[in-house]
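Structure at a glance
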Amino acid sequence: MSIQRIEPGAHLSKAVVHNGMVFLAGQTADDDSLDMAGQMKQILGKIDKYLAAAGSDRTKILSAVVYLSDMSRKADMDKHWIPWVGSNPPARACVGANLGTPKKLVEIMLTAAQ
């Protein structure tokens, strides 16, 4: 069975495809000066991009882990997540985490079918 690595780097690939499954690395906003709405827009756009590169899309997401720098902002994150996933919500966990820099508000990692 082949393994496809999408945008491999020194320490991670943005996505890995194997046996009909797509595994996305944790995605964060490129511009961490943005508010939650701006960061979510960037992150969800990157997820769409990497899923498309893997031959998948958001309707095929099976599970997701959302990391928040501040759990009190969960409702704010959900305002963007819920419309984006639409009628195809995956299994999801939401976890409070130190994201490496105080300006990073959210990181999303997921698995999808191809």
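Bear in mind that the values here come from a model prediction, so they are computed numbers and not experimental data.

The next point concerns the pattern of salt bridges. By the definition in use, this model includes six salt bridges. We note a salt bridge from Lys49 to Glu7, for which the minimum N-O separation is 3.5 Å. With Lys49 in helix H1 (residues 36–53) and Glu7 in strand E1 (residues 3–8), this residue pair connects regions lying 42 residues apart in the sequence. In this structure Glu7 comes out as partly exposed when scored by relative accessible area, which is 41%. Each of Lys74, Asp78 and Arg92 takes part in salt bridges that share partners, so that together they form one network.

Once that is clear, we can look at the nonpolar core. Counting 27 residues, the largest nonpolar core has Ile47, Trp81, Val106 and Ile108 as its most contacted members. Contributing elements (two or more residues each) for this core: strand E2 (13–18), strand E3 (21–27), H1, strand E4 (61–68), helix H2 (74–85) and strand E6 (106–113). Counting residues per element, this core draws most heavily on H1, at seven residues. Those residues in contact with Ile108 that lie beyond four places of it in its chain are Ala25, Gly26, Gln27, Met40, Ile43, Leu44, Ile47, Val65, Val66 and Trp81.

Criteria and cut-off values
- Residue numbers run consecutively from 1 along every chain, following the written order of its sequence.
- For a predicted model such as this one, the threshold for reporting local features is a pLDDT of at least 70, and the threshold for listing and counting side-chain atom pairs is 80 or more; totals across whole chains, interfaces and linings nevertheless cover every residue.
- Hydrogens and water molecules were not included; the side-chain quantities draw on all heavy atoms of the structure.
- Salt bridge, as used here, is a side-chain nitrogen of Lys or Arg placed within 4 Å of a carboxyl oxygen of Asp or Glu.
- Each helix is a run of DSSP H or I of at least 4 residues and each strand a run of E of at least 2, with the numbering of both proceeding from the N terminus.
- Three labels apply to residues, based on accessible area from a 1.4 Å probe with only protein chains included: buried if under 20% of the type maximum, exposed if over 50%, partly exposed otherwise in between.
- Nonpolar cores were defined as sets of buried Ala, Val, Leu, Ile, Met, Phe, Trp, Tyr and Cys residues, with membership established by side-chain atoms within 4.5 Å.
- Contacts are assigned to residue pairs that have any heavy atoms within 4.5 Å of one another.

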